[in-house]
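Listed here are the chains, written in short residue letters.
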Amino acid sequence: MRVTGRAGRTVKASHQASAGDLLELVRSGRATTRGALQQATGLSRATVGQRLDRLFRAGWLREGAGGPVDSPLGGRPSITLEFDDEHAVVLAADLDTRHGRAALLTLTGEILAERTGVLVVDEGPEAVLDELGRWFAGLLEVAGQRADAVCGIGLAVPGPVDSDTGRVVQPPIMPGWDGYDIRGRLGRAFAEHAGPRTAPGAGRAAVPVLVDNDANLMAYGEQRTGYPDCSAFALVKVSTGIGAGMVVGGSIYRGVDGGAGDIGHIRVGADALCRCGSYGCLAAVASGGAVARRLAEAGVPAASGSDVRDLLAAGHPEAMALAREAGRQVGDVLATVVTLLNPGVLMIAGDLAGTPFLTGVRELLYQRALPRSTAHLDVVTSRLGERAGLVGAGALVVEHLYAPERAEERLAALGV
């Protein structure tokens, strides 16, 4: 017997079902009473009780209100079980080329404290990650949290990431970051600025750090919070560069080595030089950086995608015209993406994600894509805005740390 859990995972039945599997069933809402857990797993009442006791001792579960009485003969209501989202917190950060955003979040994604500021990736990983560690310490102080309450750190970066190592791989707009040990350096920076993660009388392991591409984490955050039932979700971020993130079957689709979604470097036949060193990339002609360059050539002060965003917000006519043209160029490429992926939701996010750009995308997308591919497609803009990457990074950490196998390892390490 197998029961499907969160994001299509299967939960092992009978004596094989672990405490981590039971936690997964409770977190997903598929089984939230002791009786329901017995039915879902085939475990005995005593075994379910023993494994739940481990989760209670770890502080990961709590009892909620009584549920409905299932028996027609009446009796006491079943006590519901809930994931206790107050036993730990998560730190998350989202890097763009010229600025960063960091937050302290609950395990269910509520932002407790937040900070934004200038962080220039061109200054290199040593300086940027050290400053992030300083930001994290400040967030803990503002929220009144201890360093040992942090169970993990999530980081979104504007480049392709090997998810196994957490290292960026030949990032076109992150000079000096290729192959750098981001996990190790950010973990050390956090410890240096926030203090050691120690509990009374016992040592604590270094805080785990997870790193992923910013578009991937934006897509993950948006899909989980706004479109949880969408089995094929795509997000396109158009800021200084262009990238896409995809969530398929509830999980981020990364490709074989983290390169999936790098649509900014699809060749579109233009002769513009891209920051990657090639000519004719989509990002070289339709990104926020490309639009800023064309505006600057026309005498309009603009140096980045964020400058273009400000001009669009002010209704600047030339910026609006160029954004719509850029949207048409991106829409032409997205016609192929939509035909290949057949998503239910295509979300446009980033600095250019406004009406002019979205209008241009729709013009070319619906003109070029097969009608079958767009019949059930919603083309929308971001719901979470600039917080999407933070929410996605936090969710990635939680899903990693409380997945059944990893949960078992952590319970054993806690001695429960």
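To start, this report covers the structure provided alongside it. (Residues numbered from 1 in each chain as written. Predicted model: local features only at pLDDT ≥ 70, side-chain atom pairs only at ≥ 80, totals over all residues. Heavy atoms only, no water.)

**A word on unusual backbone geometry**
- One non-glycine residue, Q170, adopts positive backbone phi at about 45°.
- For Q170, a relative accessible area of 64% corresponds to the exposed category.
- Here the phi dihedral of N342 falls at roughly 55°; this positive angle occurs in a residue that is not glycine.
- Position of N342 among the secondary structure elements: in the loop between α10 (317-341) and β15 (345-349). (Buried < 20%, exposed > 50% of the residue type's maximum accessible area, 1.4 Å probe, protein only. Helix = DSSP H or I, 4+ residues; strand = E, 2+ residues; numbered from the N terminus.)

**Regarding the side chain of D94**
- You can see D94 is positioned in strand β5 (residues 89-95).
- No salt bridge forms around the buried D94; measuring N to O, its nearest opposite-charge neighbour K237 is 5.0 Å away.
- Excluding residues that lie within four positions of it along the chain, D94 makes contacts with H99, G100, R101, A156, D214, E386, G389 and L390. (Lys, Arg positive; Asp, Glu negative; His and termini not counted. Salt bridge = Lys/Arg side-chain N within 4 Å of Asp/Glu carboxyl O. Contact = heavy atoms within 4.5 Å.)

**Some thoughts on the environment of P356**
- Relative to the helices and strands, P356 resides in helix α11 (residues 355-368).
- As for P356 and R267, which are separated by 89 residues in sequence, their C-alpha atoms are 23 Å apart.

**Quick word on the sheet that holds strand β11 (residues 209-213)**
- Taken together, the 5 strands give an open sheet; going across it, the order is β7-β6-β5-β8-β11, and neighbouring strands pair in mixed fashion. Each end of this open sheet is capped by a strand with a single partner; those strands are β7 (111-118) and β11. Taken over all neighbouring pairs, the strand axes of this sheet differ in orientation by 15° on average, direction set aside.
- Strands in contact with helix α4 (residues 125-143) are β5, β6 (99-106), β7 and β8 (150-157); relative to β7, the strand with the most contacts, it is inclined by about 145°.
- With respect to the sheet, helix α6 (residues 214-226) is in contact with β5, β8 and β11, its orientation differing from that of β11 by roughly 100°. (Pairing = 2+ DSSP bridges. Axes fitted to C-alpha atoms, helices over the stretch in contact; angles between N-to-C directions.)

**Thoughts on the packing of aromatic side chains**
- For the structure on display, the rule yields 3 aromatic pairs.
- Arranged with centres 5.2 Å apart and planes meeting at 75°, the rings of F83 and Y402 form a pair that is edge-to-face. Taken as a pair, F83 in strand β4 (residues 79-83) and Y402 in the loop between α13 (388-401) and α14 (404-414) lie far apart in primary sequence, 319 residues in all.
- By relative accessible area, which is 0% here, Y402 ends up buried.
- Each residue in the set W60, F83 and Y402 is aromatic and connected to the rest through ring pairs, giving one cluster.
- Positioned above the aromatic ring of F83 is the side chain of R27, whose terminal nitrogen or guanidinium carbon lies 5.2 Å from the ring centre. (Phe/Tyr/Trp six-rings, centres within 6.5 Å; stacked < 30°, edge-to-face > 60°. Lys NZ or Arg CZ within 6 Å of the ring centre and 35° of its normal.)

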